[in-house]
Amino acid sequence: MLFDLGMFAGYAAGIVPYLRDRLDVARCRELIALGHAQRADTFLVLLERAVFGNASSPYLPLLNHAGIEHGDVARLVRQDGVESALADLYDAGVRLSIDEWKGRSPVRRNGLELPFTHVRAANPLVAGRFEAISGGTSGESRPVVVNFPFLTQLAVYHGAFLDAFGVGERPTALWYPVPPSVAGLTNALPNLKLGRSIDRWFTQIPVSRRPGVARRVAL
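Note that the structure is a prediction, hence the values are computed from the model and not measured.

Chemist: Residue-level account of the overall build of the protein, with values.
Modeler: Within the protein, the regular secondary structure consists of 11 helices and 6 strands. Counting across all 219 residues of the protein, residues that qualify as buried make up 31%. Put simply, 68% of the contacts in the protein that link residues at least 6 apart link residues at least 24 apart. Carbon and sulfur atoms make up 57% of the accessible area of the protein, which amounts to about 13,300 Å² in all.

Have a look at this one:
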């Protein structure tokens, strides 16, 4: 995929509001605790809107084949928690292995065979996203989507992680391709959200200074 100037411009326009509300360690821990407390409800809402309410979801035919409705999952979650519900869904065949998701193996469940494309697996609820492709180091390149709520969540976890190991005040160096690489952006922006500067940036991909040269967006 070639770097799309219009798409990147729209993405860059969101940086200012993203960085306006900085995160400190206390806020990171607060958001993690809140997310954990709401995880059951969040899971059920996601399931309702992105799976049962999405005719193209690859999980919907698996659920239908297993005879499982949203109310069934909700009851499992309320009774035994999210992990137990997910284990029951896995045992019922509502799952995708990494080989199935990558298209290396067909999706077959007790007589059911499903065509699978990566477009079907995309979360339809992700809005305001920046699209790129993976580097394809383990196979075929695949679409990757990133948006600012996702980057905020990364920053939350990153802030708590750094604090847990007592390295929140240490200098930061990145070893990723420079922007517009999504790998570089998704590591730099969470640090900036935490108020951490990038002290050094090392890139494995040569940077062209020739005007008009489009670079591939790589991960």
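Chemist: Outline unusual backbone geometry, listing residues and values.
Modeler: Of note in this structure, Asn110 is not a glycine but carries a positive phi near 50 degrees. Among the secondary structure elements, Asn110 is positioned in the loop between β1 (107–109) and β2 (112–114).

Chemist: Go over the side chain of Arg196, please, and point to the residues and values.
Modeler: By the element assignment, Arg196 lies in the loop between α11 (182–193) and β6 (200–202). Among buried charged residues, Arg196 stands out as having no salt bridge; its nearest opposite-charge side chain is Asp199, 6.3 Å away. Only 2.3 Å separates the side chain of Arg196 from the side chain of Thr172, close enough to count as a polar contact. Each residue touching Arg196, except ones within four places of it in the same chain, is listed here: Leu162, Val167, Gly168, Glu169, Arg170, Pro171, Thr172 and Asn191.

Chemist: So what's going on with the nonpolar core? Which residues, and what values?
Modeler: Core analysis: the biggest nonpolar cluster contains 19 residues, and Val73 and Val77 have the highest contact counts within it. Put simply, the parts of the chain that give this core at least two residues each are α4 (39–52), α5 (59–66), α6 (70–80), α7 (82–91) and β2. The element that contributes the greatest number of residues to this core is α4, accounting for 4 residues. Look past the residues within four positions of Val73 in its chain and what remains in contact with it is Phe43, Leu44, Leu47, Ile68 and Leu89. Core analysis: the next-biggest nonpolar cluster, separate from the first, contains 13 residues, Val146, Ala155, Leu185 and Leu194 among them.

Chemist: I'd like a description of the packing of α6 against α7, backed by residues and values.
Modeler: Two quantities define a packed helix pair, namely the angle between the axes and the distance from one axis to the other. The contact between α6 and α7 brings their axes to 7 Å, and the two run at 135 degrees. With respect to their mutual orientation, α6 and α7 come out oblique. Read as a crossing pair, α6 and α7 show a hand that is right-handed. Residues Val73, Leu76, Val77 and Asp80 of α6 lie in contact with α7, whose contacting residues are Val82, Ser84, Ala85, Asp88 and Leu89.

Chemist: Any details on the packing of aromatic side chains? Residues and values, ideally.
Modeler: If you walk through the whole model with that rule in mind, you get 2 aromatic pairs. Here the aromatic rings of Tyr18 and Phe148 are separated by 5.1 Å at their centres, their planes lie at 40 degrees, and the arrangement is tilted. Of this pair, Tyr18 sits in helix α2 (residues 15–20) while Phe148 sits in helix α10 (residues 148–164); the two residues are 130 residues apart in sequence, bridging distant segments of the chain. Geometrically, the ring pair formed by Phe161 and Phe165 is tilted, given 5.0 Å between the ring centres and 50 degrees between the ring planes. Overall, Phe165 belongs to the exposed group, its relative accessible area being 59%. Sitting over the face of the ring of Tyr90, Arg95 holds its NZ or CZ atom 4.6 Å from the ring centroid. Over the face of the ring belonging to Tyr18 we find Lys193, whose NZ or CZ atom lies 4.7 Å from the ring centre.

Chemist: Give me the pattern of salt bridges: which residues, what numbers.
Modeler: Side chains carrying opposite charge are able to pair once their charged atoms draw close together. Within the structure shown, the criterion is met by 8 salt bridges. Residue Asp163 pairs with Arg29 through a salt bridge whose shortest N-O separation is 2.8 Å. Of this pair, Asp163 sits in helix α10 while Arg29 is found in helix α3 (residues 25–37), placing the two residues 134 residues apart along the sequence. We note a salt bridge from Glu100 to Arg109, for which the minimum N-O separation is 2.9 Å.

The rules behind these values
Residues numbered from 1 in each chain as written. Predicted model: local features only at pLDDT ≥ 70, side-chain atom pairs only at ≥ 80, totals over all residues. Heavy atoms only, no water. Helix = DSSP H or I, 4+ residues; strand = E, 2+ residues; numbered from the N terminus. Buried < 20%, exposed > 50% of the residue type's maximum accessible area, 1.4 Å probe, protein only. Contact = heavy atoms within 4.5 Å. Areas by Shrake-Rupley, 256 points an atom, 1.4 Å probe, with all protein chains shown as cover. Lys, Arg positive; Asp, Glu negative; His and termini not counted. Salt bridge = Lys/Arg side-chain N within 4 Å of Asp/Glu carboxyl O. Polar contact = N/O pair within 3.5 Å; in protein donor to acceptor, adjacent residues only side chain to side chain. Core = buried A, V, L, I, M, F, W, Y, C linked by side-chain atoms within 4.5 Å. Axes fitted to C-alpha atoms, helices over the stretch in contact; angles between N-to-C directions. Parallel < 35°, antiparallel > 145°, perpendicular 65-115°, else oblique. Left-handed = near helix turned anticlockwise from the far one by under 90°. Phe/Tyr/Trp six-rings, centres within 6.5 Å; stacked < 30°, edge-to-face > 60°. Lys NZ or Arg CZ within 6 Å of the ring centre and 35° of its normal.

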